Amino acid sequence: MAAARSYIMRFKSRSARNDLLKGLRGMLSDMQIKEGVSISSVQNSGQRTNGFGPGHEEDDDEIMIPLPDVHKAIDRERENYDRLLLLMLQGSDDLKEKEDEILGLRGKLETVTAESLEKDRVQANDSKLIMQLSKKLETLLMDNEDLRDQNDRLNSRLVAVECEKMNLMN
């Protein structure tokens, strides 16, 4: 039995992917028409088909496969191929819907990312403004305290001058 392999391919555009899929479908349909079934797959399905028992030694050059077994294998492969084609046709609409959904989600992601960056920028500007206002408030409070001290000194000096005036008059 052949080893099963899976390949994942990414395309830059949907049209490039669709072109490849169309080519693969054409190639598979050509293979279905032109290719036969390999002898090893029919032989593996049962050794009784060659007319000898499983314990009988045989020559690899003289393998005989009955024609009805070949037709059964071809019919089975055609059924599998038709099933695959049907699945691919049904899956193309689902694939298109999911791709459209992915594109929409990517657009939303880009929008949300842009909004987040804008909010971060606004927050950074707000932080700078808050820092500047805090510094300005601090300087104003210090100036206010200095003015209060100066006002208190002037008031006490005024009181002292008034007291001296009162003492001189008496």
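Rules and cut-offs
- Residues numbered from 1 in each chain as written.
- Predicted model: local features only at pLDDT ≥ 70, side-chain atom pairs only at ≥ 80, totals over all residues.
- Heavy atoms only, no water.
- Helix = DSSP H or I, 4+ residues; strand = E, 2+ residues; numbered from the N terminus.
- Buried < 20%, exposed > 50% of the residue type's maximum accessible area, 1.4 Å probe, protein only.
- Contact = heavy atoms within 4.5 Å.
- Areas by Shrake-Rupley, 256 points an atom, 1.4 Å probe, with all protein chains shown as cover.
- Patch = residues over 30% accessible without salt bridge, like charges linked within 9 Å, V, L, I, M, F, W, Y side chains within 5 Å.
- Salt bridge = Lys/Arg side-chain N within 4 Å of Asp/Glu carboxyl O.
- Lys, Arg positive; Asp, Glu negative; His and termini not counted.
- Charge placed at Lys NZ, Arg CZ, Asp CG, Glu CD.
- pLDDT = per-residue confidence, 0-100.

## Some thoughts on the overall build of the chain
Then, in step 1: Within the chain, the secondary structure is distributed over 3 helices and 0 strands.
Then, in step 2: Going from N to C terminus, the chain has its helices and strands arranged as α-α-α.
Then, in step 3: For the chain, with 170 residues in total, the buried portion stands at 5%.
Then, in step 4: Intrachain contacts of the chain at a sequence separation of at least 6 include 67% that bridge at least 24 residues.
Then, in step 5: Split by element, the accessible area of the chain, about 15,500 Å² in all, is 57% carbon and sulfur.

## Some thoughts on a negative patch on the surface
Then, in step 1: Side chains of Asp143, Glu145, Asp146, Asp149 and Asp152 sit close together on the surface and give a patch of like negative charge.
Then, in step 2: With respect to the helices, strands and loops of the structure, Asp146 is situated in helix H3 (residues 67-169).
Then, in step 3: Asp146 gets classed as partly exposed once you look at its relative accessible area, which sits at 47%.

## Focus on the environment of Arg25
Then, in step 1: Tracing the backbone through its elements, the reader meets Arg25 in helix H1 (residues 14-34).
Then, in step 2: Considering only alpha carbons, one finds Arg25 and Met88, 63 residues apart in sequence, at a separation of 9.2 Å.
Then, in step 3: Once you skip the residues sitting within four places of it in the chain, Arg25 turns out to touch Tyr81, Leu85 and Met88.

## Thoughts on the side chain of Glu99
Then, in step 1: Along the chain, the position of Glu99 falls in helix H3.
Then, in step 2: For Glu99, the contacting residues outside a window of four places in its chain are Arg14 and Arg17.

## A look at the side chain of Arg17
Then, in step 1: Examined against the element boundaries, Arg17 turns out to sit in helix H1.
Then, in step 2: With residues up to four places along the chain from it excluded, the contact list for Arg17 reads Phe11, Leu95 and Glu99.

## Quick notes on the confidence of the model for the chain
Then, in step 1: Here the chain shows a mean pLDDT of 81. Residues at 70 or above account for 80%.
Then, in step 2: Between residues 37-44, whose pLDDT stays under 50, and residues either more than four places distant or in other chains, the model counts 12 contacts.

## Quick word on the pattern of salt bridges
Then, in step 1: Evaluated as defined, the whole model comprises 5 salt bridges.
Then, in step 2: Arg14 is paired through a salt bridge with Asp100; the nearest N and O atoms lie 2.8 Å apart. In this pair, Arg14 sits in helix H1 while Asp100 sits in helix H3, placing the two residues 86 residues apart along the sequence.
Then, in step 3: Classification of Arg14 by relative accessible area gives partly exposed; the value is 26%.
Then, in step 4: Its salt-bridge partner being Glu101, residue Lys98 comes within 3.9 Å of it at the nearest N-O pair. Here Lys98 and its partner Glu101 are both found in helix H3, 3 residues apart, which amounts to about one turn of the helix.
Then, in step 5: In this structure Glu101 comes out as partly exposed when scored by relative accessible area, which is 45%.
Then, in step 6: What you see here is one network of salt bridges that share partners, running through Arg14, Arg17, Glu99 and Asp100.

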